[in-house]
Amino acid sequence: MAAAGTIYVLNGPNLNLLGTREPETYGHATLADVEKLCADTAKQFGLTADCRQSNREGELIDFIHEAHAKKAVGIIINAGGYSHTSIALHDALIAVKIPAIEVHVSNIHARESFRHHSFTAKAAFASLCGFGIDGYRLAIAGLAVKIGAKAKT
Ligand SMILES: O=C1C[C@@](O)(C(=O)O)C[C@@H](O)[C@@H]1O
C-alpha cells in the first residue's frame, strides 16, 4: 500500500520537455519544478505526491491501475495530447473510481479546436487549465477540499 494519503500526479507525453518546449505556451518551469511544487503542496495538507511521467499511453494506464492497487486518495492528471484522443485513459480513470482532477498548463480552450475536447476531463470531477504550472498547486488544494484533507498549520 502507498503511504497514507498518497496522490498520484500523472504527466503524459512531452511534459518531460517542460521548460524548453514552446516556452511561449508552456512557460519556463521544468517537470522537476512541477514535481517539487506538487510535493510541497501535498505536504501542506498532510498528503504525499507520487509523481510519474510517461510518453506512453499504456504506461499511464498502468499508473492509474497502480494508484488503485495502492489505494491512492486522488489523481491529478495532465495527459498532454492523449487528453484529446484517449478513450482508454478515460476508461481507466472511470474504472478505478479515484477522485481525479485534470490539469493543463495552457488554456486549451483558447487554442486549436482539436484541443477543446478532453476525454480525461470527462472522467475527472474537475478540470483546470491556463494557470501555468500553478494549476497543479490549485488542483491539489481542490482535491484536498474534496477528500476532506485539512491544511496543516
Ligand atoms: O501536451 C500538451 C500539453 C497540455 O496538456 C497542457 O498542459 O497545456 C495541452 C495539450 O493540448 C498538449 O497536447
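Throughout, residues of each chain are indexed from 1 in the direction in which the sequence is written. Two thresholds apply to this predicted model, a pLDDT of at least 70 for residue-level local features and 80 or more for giving and counting side-chain atom pairs, whereas whole-chain, interface and lining totals are computed over all residues.

Labelled according to an unreviewed UniProt entry, the protein appears under the name 3-dehydroquinate dehydratase, originating from Bradyrhizobium macuxiense. We quote the UniProt Pathway (unreviewed entry) comment for the protein here in full: "Metabolic intermediate biosynthesis; chorismate biosynthesis; chorismate from D-erythrose 4-phosphate and phosphoenolpyruvate: step 3/7." UniProt positions are given in the numbering used here, feature names are shortened, and annotations may be inferred rather than shown by experiment. In UniProt, the protein has this text filed under Sequence similarities (unreviewed entry): "Belongs to the type-II 3-dehydroquinase family."

The way it works is that DSSP assigns letters per residue, a run of H or I at least four long becomes a helix, a run of E at least two long becomes a strand, and they are numbered from the N terminus. Within the protein, the secondary structure is distributed over six helices and five strands. Reading the protein from its N end, one meets helices and strands in the order β-α-α-β-α-β-α-β-α-β-α. Values of the radius of gyration come from C-alpha atoms, whereas the globule rule sets the reference at 2.2 Å times the count of residues to the power 0.38. The C-alpha radius of gyration computed for the protein amounts to 14 Å, which stays within 12% of the reference 15 Å derived for 153 residues, consistent with globular compactness. Counting other C-beta atoms within 10 Å of its own, a residue is labelled buried from 20 upward, exposed at 12 or fewer, and partly exposed in the gap between, with every C-beta atom placed from the backbone. Counting over 153 residues, the protein shows a buried share of 42%. In this description, any two residues whose backbone-derived C-beta atoms lie within 7 Å of each other are considered to be in contact. Within the protein, residue pairs in contact and separated by at least 24 positions form 76% of the contacts whose partners lie at least 6 positions apart.

What follows concerns unusual backbone geometry. Phi angles above zero are rare outside glycine, and N14 is one such case at about 75 degrees. Secondary-structure assignment places N14 in the loop between β1 (6-11) and α1 (23-26). The class for N14 is partly exposed, based on 14 C-beta atoms found within 10 Å. The phi dihedral of E22 falls on the positive side, at around 35 degrees, and the residue is not glycine.

This part is about the environment of A126. Within the secondary structure layout, A126 lies in strand β5 (residues 126-129). We classify A126 as partly exposed; it has 16 C-beta atoms within 10 Å. With 48 residues separating them along the chain, A126 and N78 place their C-alpha atoms 12 Å apart. In contact with A126, other than residues within four places in its own chain, are I101 and G142.

In spatial order, the strands read β2-β1-β3-β4-β5; together these five strands make up an open sheet with parallel pairing. The strands lining the two open edges of the sheet, one partner per strand, are β2 (48-53) and β5. On average, each strand axis in the sheet is inclined to that of its neighbour by 20 degrees, with strand direction left out of account. Packed on one face of the sheet, helix α2 (residues 31-44) meets β1 and β2 and runs near 160 degrees to β2. One requirement defines pairing of two strands: DSSP has to find at least two bridges between them. Geometry is summarised by axes, namely lines fitted to C-alpha atoms with helices restricted to the contacting stretch, and by angles between N-to-C directions that run from 0 to 180 degrees.

Turning our attention to the pairing of strand β4 (residues 100-104). With five of five residues buried, β4 is to be regarded as a mostly interior element. Alternating positions in β4 separate into two faces, A100, E102 and H104 on one and I101 and V103 on the other, with burial throughout. Pairing analysis gives three bridges linking strand β3 (residues 74-78) to β4, with the strands arranged parallel. Residue pairing for β4: I75 is matched across the bridge by A100. Handedness of a crossover: with both strands directed away from the viewer, a clockwise path from the first strand across the helix to the second marks it as right-handed. After leaving β3, the chain enters helix α4 (residues 87-96) and then returns to the sheet as β4, a path that is right-handed.

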